[in-house]
Structure formats: C-alpha cells, structure tokens
Amino acid sequence: MSKSGPEDKSFQIPKQLVWEAYRRVKANKGAAGVDGQSMADFEEDLRNNLYRIWNRMSSGTYFPPPVKAVEIPKSNGGGTRILGVPTVADRIAQTVVALRLEARTESIFHPDSYGYRPRKSAHDALRKCRERCWRKDWVLDLDIRKFFDSLDHDLVVRTVEVNTADKWVLLYVRRWLKAPLQLPDGTLQERDKGTPQGSAVSPVLANLFLHYAFDMFLGREFPAVEFERYADDAVVHCVTERQARQVREALTVRLAELGLELHPGKTKIVYCKDSLRHGEHDTVTFTFLGYAFRPRQVKGKNGQIFTSFTPAGWIRYYGLFGRKVLNKLLRRVNTYLTRWARRKYRRLRSYKRFHKWWTGLIDREPGLFIHWELTRAFDWNG
C-alpha cells in the first residue's frame, strides 16, 4: 500500500491502521453496499483500494457514499427494521475511526457494558444477569424506543469530542452521521438524527453516548443498583419495587433530556420469583439478549425440586451453563432418532450402512435439528 508517505498529508493516519481495519472487515464478512462491490471484488485490486482509502482520509477528502437501506424482520416478529449496509470501502474507513476511538473508550467504559467490546460477549452479560437475579428481587427491563434512529447528532459529536484529540476522527464522524440512506426504490433519504444499525462505527458511537447518558448517570444517582447493558439493551437490578420505580422515573427524565424515550409498553418492572420469594407481582418474566428469564422448576444437587429464577427455553443457553448434562440428554435424543431410522429402513440395520447414511445426512442438512450444533453422537445399542 506504500506510495506517498504521511509527511505531506493533512492528517497523520498510520497505514497499518487501515490494514488492520481491512482485516477486521474481511473477518466480519457482510454484503455489498450501494456500489455492488463485494469483498472479493475489492480484493482484486486490494493494494490500490486500501491506498485510496488511506490517501483520501489522510488528505481530508474522504466523503462517505450513501448507506444502503435493507429491511430485515425484527427478532420478536413484530414488523421490520432498517439495517444500514455501507460499501466495503466505507466499512473499512469507518473501522479505522472505530479502532482509533476504541483505544481511548476501552479505558473509560463501564465493566457492565458488554456490547461490541473486545474480550466481552453477550454470554458474559447473561452470566452476570443470572447471578444478580438470584441476589436481588427486582429487575427493571428497559427498552429505549428507536434508539439508533433517534440519536442527536450534536450530542454524539460532543461525546466523541471529549475523547479524542484527532481532528480527522471528528471530521469523519460528522460526515458519517450525515451520510444519506439509499432506500430500496433508489431514492436518497437525508438524515438529521440517528446512526444506521449495521455501520462499523455505530456501535462505538452508541456505546460512547450511553456511557454518559446511562452508565455514568446510574453510577452517580443510584450507586447501589447494578445493571448489564449490551448496546441499547439493558436490565437494572434493584432491591425493592420502590427502588425500581424510582430508577425508571429518573431514567425517563434523563433520556427525555437527550431526545430519547423509554418505550412505555416494553419497559417493565419484573419480580424475580423463586422458592424463597413468596411475594406476588403481575410480571415475573423478561427477555434479555434473546433469553427468557422466568421462574422454572429445577433439580438441586440433593435431588429435590425447587423453583429458580433463571434463563430458560433455548438449547444454546443450557449448553452454556450445563453442557455435560445436556450432552447426555441430546445423545439420547440422537439414539432415539437412530432407532427410528433403523426400524423404518431395513437397509440401515447394519452399523456400517447406517453410519454412512447418518454422516451424509448431517453433511447435507447440518441444521435439520438444532441440537446437532452441540452433539451428533449416538449409542448404537441404546
């Protein structure tokens, strides 16, 4: 990528930073943007394409193209949401800025902020949430209405401004915030607020905004409460229902000051009911990061059945917290499947033929049964 050096440029952007950004974008894969250029297309002239990004960014002449708007169904089945798909080159340029900001933001972010951060994951947030639901009786389950679509641009820029001395970072953040969306019919939609979900720089901007709007606010005003936040998805653990209501009221005012709103229908106070909690409340379940937390019957180490407040309903969750027991159960499920197949098809009654058929089926249809993600083993004589 080396042609001209950084000495004659307006901004000192290391070429190695552009290379690292390319590596991350390549690893994340992703679809083509408005120019139709895939990663494979981009790599046909990789050296020149990367140089072009570095040269324009270093010169202050990089202007982002429109972001491709793609409608995708919401995970809860309630309609669709817009996902922004930048071009491959723009994703690399955005990642350059995200990497530069990450070096600073990781030193200030709250330990209970888990979304889109190195060495943190959704599973980490779920583990911590599970533990705190056992310790504290009440949860405030938060939903910020249209968070990514509603972010105030000036406030976003202000949070960046206090965390970088690089003028080029501010320059490009402002340009990306204003970059129009190209709708499916080809028309361009100008933007005066919000940042598209799907862009490479949006996660760090969202985390930075909520660091001040939510994390630091709770730490200052309610130091006794604990929370887990994954981007804009958050739960707050409280000792009493009264405390949960106080936190909800304070956050309602706080977010309104910043142009945001708690969704009145989706934000709720939840009682973490179990065998040791005998109170009554209308709401005893919530969903966090796709996992349903609720009272459920479990067997203790002494063999006795009791009610625990814990995530339930997904095989992947049980695989995370009880893999050994789950594998034994799922191996048994596979054994029943093999028994059914051997009874139905006489040709599969020899182990050699059955094993060939079984492995072929798994190769052709690896997602036929969700539990095959965890184990495909069976007992021939089971």
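Rules of the game
Residues numbered from 1 in each chain as written. Predicted model: local features only at pLDDT ≥ 70, side-chain atom pairs only at ≥ 80, totals over all residues. Heavy atoms only, no water. Helix = DSSP H or I, 4+ residues; strand = E, 2+ residues; numbered from the N terminus. Contact = heavy atoms within 4.5 Å. Expected span 1.5 Å × (residues − 1). Buried < 20%, exposed > 50% of the residue type's maximum accessible area, 1.4 Å probe, protein only. Arc of directions from axis to C-beta. Axes fitted to C-alpha atoms, helices over the stretch in contact; angles between N-to-C directions. Left-handed = near helix turned anticlockwise from the far one by under 90°. Nonpolar A, V, L, I, M, F, W, Y, C, P; charged D, E, K, R; others polar. Core = buried A, V, L, I, M, F, W, Y, C linked by side-chain atoms within 4.5 Å. Pairing = 2+ DSSP bridges. Salt bridge = Lys/Arg side-chain N within 4 Å of Asp/Glu carboxyl O.

Caption draft 1: The environment of Arg-56, seen in detail. The topology assignment puts Arg-56 in helix α3 (residues 46-59). Between the C-alpha atoms of Arg-56 and Ala-93, which are 37 residues apart in sequence, the distance is 9.8 Å. Once you skip the residues sitting within four places of it in the chain, Arg-56 turns out to touch Thr-61, Tyr-62 and Tyr-172.

Caption draft 2: Up close: helix α1 (residues 15-28). Taking 1.5 Å per residue as the helical rise, α1 with its 14 residues ought to reach 20 Å, and the 20 Å between its terminal C-alpha atoms agrees with that figure. For α1, the complete set of buried residues consists of Lys-15, Leu-17, Val-18, Ala-21, Tyr-22 and Val-25. The arc that holds every buried residue of α1, seen down its axis, measures 155°, which confines them to one face. Within α1, the exposed residues directed more than 90 degrees away from the buried face are Gln-16 and Ala-27. Residues of α1 that are buried in the fold lie against α2 (39-43), α3, α4 (88-105) and α8 (167-178). Following α1 by one or two positions, Lys-29 has its phi on the positive side, about 60°.

Caption draft 3: The packing of helix α9 (residues 202-221) against helix α10 (residues 241-257), seen in detail. Where α9 meets α10, the axes come as close as 11 Å, and the angle between the chain directions of the two elements is 145°. Crossing handedness for the pair α9 and α10: right-handed. Listed contacts from α10 to Tyr-212, Ala-213, Phe-214, Phe-217 and Leu-218 of α9 are Val-247, Ala-250, Leu-251 and Arg-254. Partitioning the contact of α9 with α10 into residue classes produces eight nonpolar, no polar and one charged.

Caption draft 4: Looking closely at the nonpolar core. Membership of the largest hydrophobic core comes to 70 residues, with the highest contact counts inside it found for Met-57, Ile-92, Val-97, Trp-168, Phe-209 and Val-236. Counting residues per element, this core draws most heavily on α9, at 10 residues. The contacts of Ile-92, once residues within four sequence positions are left out, are Val-18, Ala-21, Tyr-22, Val-25, Phe-42, Leu-50 and Ile-53. In terms of nonpolar packing, the next biggest core, distinct from the first, is built from 14 residues, Cys-129, Cys-133, Phe-286 and Phe-309 among them.

Caption draft 5: Spotlight on the sheet that holds strand β1 (residues 67-73). Taken in spatial order, the four strands line up as β2-β1-β4-β5 in an open sheet, and their pairing is mixed. Because the sheet does not close on itself, it has two edges, and the strands there are β2 (80-85) and β5 (188-189). With two bridges joining them, strand β4 (residues 181-182) and β5 adopt antiparallel strand pairing. Residue Gln-182 lies in a different strand from β5, and its bridge partner there is Leu-188.

Caption draft 6: Summary view of the pattern of salt bridges. Under the defined criterion, the tally for this structure stands at 21 salt bridges. Taking the shortest distance from any N to any O, the salt bridge between Asp-215 and Arg-229 comes out at 2.8 Å. One end of the pair, Asp-215, is in helix α9; the other, Arg-229, is in strand β6 (residues 226-230), with 14 residues separating them in the sequence. There is no split in this pair, since Asp-215 and Arg-229 are both buried. Between Arg-277 and Asp-274 there is a salt bridge whose closest N-O contact spans 3.5 Å. Its relative accessible area of 7% is what places Arg-277 among the buried residues. The exposure class assigned to Asp-274 is buried, which follows from its relative accessible area of 14%. Through salt bridges that share partners, Asp-112, Arg-132, Arg-135, Lys-136, Glu-226 and Glu-228 make up one connected network.

Caption draft 7: Representation of unusual backbone geometry. One non-glycine residue, Lys-29, lies in positive phi territory at about 60°. Phi at Tyr-116 takes a positive value of approximately 55°, unusual for a residue other than glycine. Here Tyr-116 shows up in the loop between α4 and α5 (122-135).

Caption draft 8: Seen up close, the side chain of Ser-58. With respect to the helices and strands, Ser-58 occurs in helix α3. Relative accessible area serves as the criterion here: at 0%, Ser-58 is assigned to the buried category. For Ser-58, the residues in contact, after removing those within four places along its chain, are Lys-9, Ser-10, Phe-11 and Ile-13.

Caption draft 9: The sheet that holds strand β8 (residues 268-271), seen in detail. One open sheet accounts for four strands, arranged β6-β7-β3-β8; its pairing is antiparallel. The open sheet terminates on both sides in strands that have one partner only, identified here as β6 and β8. Going across the sheet, the axis of each strand differs from the next one's by a mean of 20°, ignoring polarity. Sheet topology places β6 next to strand β7 (residues 233-238); five bridges connect them, and they run antiparallel. Following the sheet pairing, Arg-229 is matched in β7 by Ala-234. Against the sheet, α5 makes contact with β3 (138-143), β6 and β7, and its axis sits at roughly 155° relative to β6, the strand it touches most. Along the sheet, α10 contacts β3, β7 and β8; its crossing angle with β3, the most-contacted strand, is approximately 20°.

Caption draft 10: Geometry of helix α13 (residues 351-364). Its 14 residues give α13 an end-to-end C-alpha distance of 20 Å, which sits within 8% of 20 Å, the value for a rise of 1.5 Å per residue. Taken residue by residue, α13 has Phe-354, Trp-358, Gly-360, Leu-361 and Ile-362 as its buried positions.

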